Amino acid sequence: MQAESKLEACSTGYNAAMHRTFVFSRIAAPALCVGTAAFAQSPLPTASAADRAEAREIFKQLIEINTTDSPQGSVTAATEAMQKRFLDAGFPAEDVHLLGPDARKENLVVRLRAAGPVTKKPVLFLCHMDVVQALRSDWSTDPFEFVEKDGYYYGRGTQDMKNSDAAMVSTFLRLHRAGYKPRRDLILALTADEEGGKFNGASWLVREHRELVDAAYVINPDSGGVELDHGRAVVADVEATEKVYSDFRVTATNRGGHSSLPRPDNAIYELTTALEKLAAFTFPFELNEVTRTYFTNLAGRESGQTAADIRAILATPPDLAAAARLSAEPSFNSNFRTTCVATRLTAGHANNALPQTAQANVNCRIFPGHSPEEIRRQLVALFADTGLTVKYLADTGELAETAPERKAMTPPPPIAEVFEPLTRLTQAIWPGTPVTAEMENGASDSIYFAQAGIPSYGYSAIALERDDERAHGRDERLPVDSYWKSLDFFYAFTRALGGE
Ligand SMILES: [Zn+2]
């Protein structure tokens, strides 16, 4: 996909198309693209042998507690184990909250309290504790056994994301032990059901216990990270915003009848007429702070018609003919607007009967600033057929007449308070690696905070070979060295955000 390499903002000789085929966009704020020479610093201080041993032990403990959404799994078993570690370490009980809407899906919220007068809102580190199911028969090792082999840690969750859970637990314990007093509260939330299940902890906490998780911004290590090419770091991605995922079920119903007596009214035809309208429809062109920064940057590196078109869309008002030309490239198109596309169809019940129902799933990726309900109403208006229903299909599988009204916030520009230390520390570990902010098409728990008006930055500080992404897959593994580096990064980063 050539366009993806065009989307790579910092010139590194690295081909983004090889990096991740589902990349939605990569957006580099120019100030974040710094050369190799600028950051020839000494590496960060590394964790002591004792601290590493503890961090490894926590990682092992978490991997060996099954937190899948299944009869064998329990997130609570893992959050309780971490609660015990914090209490044993001397965290006050009132700063360690274990809570949730289901006995097996309890979340842990830990607060490292500021000393002295506090002028800034807290920083929240958001980490999901659940993992995707893994079967022993599919794996070379037991997925719920922590195995160190050939320089890797193996086990379900070694990449997604018990590595970061363990690194953050270890970081909070070490900071507490060191007597570190931040200038603002630092909060760690270990949550349930990010991967699936009915009790999403991030959503529940922000809705039911905002006082525990309210923050200036969220750091979510569930996305972003350092891409390696044969051991060489080529780019560090930070997720700065994401689109909202929504499914809608479009249904046509009919009294049916014998297929030897067809009539003009027909559920399949009604549905396909609506879908043809959808196929011909394009949501309006939009830019936000993250995508505007990216395109401004890109215009300077492109040439010819593409450069002219990019400049034209950045003008006020934007040139919509130019936007239409650029939209021929799907990754640009996704950057520009909400998209909705039919992804599944079912209809009829017999070869010789008129269909009584016809249904389609329409999958939408909603541009930040719009609510799922707003998009649902636009679909209803587009179809303009009162015989059709357009219902919201929640993650839980439940159908609802209307969709959530909550909008994901329009992203602010990448804030220096986060990006300055993030870039500095990343480059202390991986010298010269460009840091790029991106708008992600996938979904993470960050969206619940974005909908509550709290910006979120996704960064794991985990370095992985680009062809070794095994999250959700078999034989998930993490280079041992990547774990130690993320540990050093987060210890320094957490201190930097908390105020040295
Ligand atoms: Zn994850």
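To start, this report covers the structure provided alongside it. (Residues numbered from 1 in each chain as written. Predicted model: local features only at pLDDT ≥ 70, side-chain atom pairs only at ≥ 80, totals over all residues. Heavy atoms only, no water.)

1. A word on the overall build of the protein chain
And then number 1: If you tally the helices and strands in the protein chain, you get 16 helices and 20 strands.
And then number 2: In terms of overall dimensions, the protein chain is globule-like: its C-alpha atoms have a radius of gyration of 24 Å, near the 23 Å expected for 500 residues.
And then number 3: With respect to the three principal axes, the spread of C-alpha positions in the protein chain is 80 × 55 × 50 Å.
And then number 4: Burial statistics for the protein chain: of 500 residues in total, 56% are counted as buried.
And then number 5: For the protein chain, the exposed area adds up to about 20,400 Å²; of that, 52% sits on carbon and sulfur atoms.
And then number 6: Side-chain charges of the protein chain comprise 51 positive and 65 negative groups, with the mean position of each set lying 2 Å from the other. (Helix = DSSP H or I, 4+ residues; strand = E, 2+ residues; numbered from the N terminus. Rg over C-alpha atoms; globule rule 2.2 N^0.38 Å. Buried < 20%, exposed > 50% of the residue type's maximum accessible area, 1.4 Å probe, protein only. Areas by Shrake-Rupley, 256 points an atom, 1.4 Å probe, with all protein chains shown as cover. Lys, Arg positive; Asp, Glu negative; His and termini not counted. Charge placed at Lys NZ, Arg CZ, Asp CG, Glu CD.)

2. A few points about empty space enclosed by the protein
And then number 1: This structure, assessed with the given rule, holds one cavity of 30 Å³ or more.
And then number 2: Its boundaries defined by the atoms lining it, the largest cavity holds a volume of some 110 Å³.
And then number 3: Lining the largest cavity are 13 residues, and of these Ala-240, Thr-241, Glu-242, Ala-450 and Ser-456 sit closest to its centre.
And then number 4: Mapped by element, the contributors of at least two residues to the lining of the largest cavity are β9 (232-242) and α15 (446-451).
And then number 5: In terms of residue count, the dominant contributor to the lining of the largest cavity is β9 (four residues). (1 Å grid on protein atoms, 1.4 Å probe; cavity = no way out; pocket = protein on both sides within 12 Å on 5 of 7 lines; lining within 4 Å. Points joined across faces, edges and corners; volume = space filled by probe spheres on them.)

3. Some words on the environment of Glu-329
And then number 1: Looking at where Glu-329 falls in the secondary structure, it is placed in the loop between α11 (320-326) and α12 (330-336).
And then number 2: At 2.9 Å, the side chain of Glu-329 and the side chain of Ser-331 are in polar contact. (Polar contact = N/O pair within 3.5 Å; in protein donor to acceptor, adjacent residues only side chain to side chain.)

4. Concerning the nonpolar core
And then number 1: Met-82, Phe-86, Phe-172, Ile-219 and Tyr-483 are the most contacted members of the largest nonpolar core, which totals 72 residues.
And then number 2: Ranked by the residues each element gives to this core, the list is headed by helix α16 (residues 480-498), at 10 residues.
And then number 3: Sequence-distant contacts of Phe-86, that is, excluding residues within four places in its chain, are made with Phe-91, Val-96, Leu-108, Val-110, Val-169, Phe-172, Leu-173 and Leu-188.
And then number 4: Core analysis: the next-biggest nonpolar cluster, separate from the first, contains 44 residues, Ala-215, Ala-267, Leu-271 and Ala-450 among them. (Core = buried A, V, L, I, M, F, W, Y, C linked by side-chain atoms within 4.5 Å. Contact = heavy atoms within 4.5 Å.)

5. Quick look at the sheet that holds strand β10 (residues 244-253)
And then number 1: One open sheet holds the five strands; their spatial order is β12-β14-β10-β15-β16, and the pairing between them is antiparallel. Sheet topology places β12 (339-347) and β16 (399-400) at the edges, where each strand pairs with a single neighbour.
And then number 2: Judged from the two bridges that link them, strand β15 (residues 388-393) and β16 form a sheet pairing that is antiparallel. When the bridges of β16 are listed, Leu-393 appears paired with Leu-399.
And then number 3: Lying over the sheet, helix α8 (residues 267-280) contacts β10, β12, β14 (357-366) and β15, oriented at roughly 20 degrees with respect to β14. (Pairing = 2+ DSSP bridges. Axes fitted to C-alpha atoms, helices over the stretch in contact; angles between N-to-C directions.)

6. Some points on the pattern of salt bridges
And then number 1: The full count for this structure, using the stated rule, is 30 salt bridges.
And then number 2: Here Arg-477 makes a salt bridge to Asp-468, at a shortest N to O gap of 3.0 Å. In this structure, Arg-477 and Asp-468 share a single accessibility class: buried.
And then number 3: Put simply, Asp-51, Glu-54, Arg-174 and Arg-177 are held in one network by salt bridges that share partners. (Salt bridge = Lys/Arg side-chain N within 4 Å of Asp/Glu carboxyl O.)

7. With respect to the coordination of the zinc ion
And then number 1: Only His-128 (NE2), Asp-160 (OD), Asp-222 (OD) and Asp-222 (OD) from the protein coordinate the zinc ion, and they sit 1.9 to 2.8 Å from it.
And then number 2: For the zinc ion, the four donor atoms in the first shell make angles of 51 to 150 degrees at the metal, a pattern classed as irregular.
And then number 3: Each donor residue of the zinc ion lies on one chain, and together they are spaced H-x31-D-x61-D. Of this pair, Asp-160 sits in the loop between β5 (152-154) and α5 (162-177) while Asp-222 sits in the loop between β7 (217-220) and β8 (225-229), and the two are 62 residues apart along the sequence. (Donors = N, O, S within 2.8 Å, 3.2 Å for Na, K, Ca; no water. Tetrahedral: all angles 85-135°; square planar, octahedral: opposite > 155°, others 65-115°.)

8. A look at the packing of α8 against helix α13 (residues 372-383)
And then number 1: Running from N to C, α8 and α13 point in directions that differ by 115 degrees, and their axes come no closer than 9 Å. Between α8 and α13, the crossing angle belongs to the class labelled roughly perpendicular. Of the two elements, α8 crosses α13, and the hand of that crossing is right-handed. In this structure, α8 contributes Ala-274, Lys-277 and Leu-278 to the contact, and α13 contributes Leu-379, Leu-382 and Phe-383.
And then number 2: Grouping the constituent residues of the contact of α8 with α13 by class yields five nonpolar, no polar and one charged. (Parallel < 35°, antiparallel > 145°, perpendicular 65-115°, else oblique. Left-handed = near helix turned anticlockwise from the far one by under 90°. Nonpolar A, V, L, I, M, F, W, Y, C, P; charged D, E, K, R; others polar.)

9. Concerning the layout of surface pockets
And then number 1: The calculated volume of the second largest pocket comes to roughly 200 Å³.
And then number 2: Lining the second largest pocket we find 13 residues, and of these Leu-278, Ala-279, Phe-281, Thr-339 and Cys-340 sit closest to its centre.
And then number 3: Broken down by secondary-structure element, the contributors of at least two residues to the lining of the second largest pocket are α8 and β12.
And then number 4: In terms of residue class, the lining of the second largest pocket is made up of eight nonpolar, four polar and one charged.

10. Considerations on unusual backbone geometry
Leaving glycine out, the prevailing phi sign among residues is negative, and the prevailing peptide bond configuration is trans.
And then number 1: A cis amide bond links Asp-160 to the next residue, Met-161, at an omega of -15 degrees.
And then number 2: As for its placement among the helices and strands, Met-161 is situated in the loop between β5 and α5.
And then number 3: Of note, the bond from Thr-316 into Pro-317 is cis; its omega dihedral lies within 30 degrees of zero at -5 degrees.
And then number 4: For Pro-317, the position within the fold is in the loop between α10 (304-314) and α11.
And then number 5: In this model, Ala-461 sits at a positive phi of 55 degrees, which is unusual for a non-glycine residue.
And then number 6: As for its position among the elements, Ala-461 is in the loop between β18 (456-458) and β19 (463-465).
And then number 7: Classification of Ala-461 as buried rests on a relative accessible area of 0%.

11. As for the environment of Arg-177
And then number 1: Within the element layout of this structure, Arg-177 appears in helix α5.
And then number 2: As a C-alpha pair, Arg-177 and Glu-420 span 243 residues in sequence and 26 Å in three-dimensional space.
And then number 3: Beyond its immediate chain neighbours, meaning those up to four positions away, Arg-177 contacts Asp-51 and Glu-54.
And then number 4: For Arg-177, the side chain forms a polar contact with the side chain of Asp-51, separated by 3.1 Å.

12. Side note on α13
And then number 1: Here α13 contains 12 residues, and its C-alpha end-to-end distance of 17 Å stays within 8% of the 16 Å for a straight helix at 1.5 Å per residue.
And then number 2: On its buried face, α13 sits against β10, α8, β12, β14 and β15.
And then number 3: Of the residues trailing α13, Ala-384 is marked for its positive phi of about 45 degrees. (Expected span 1.5 Å × (residues − 1).)

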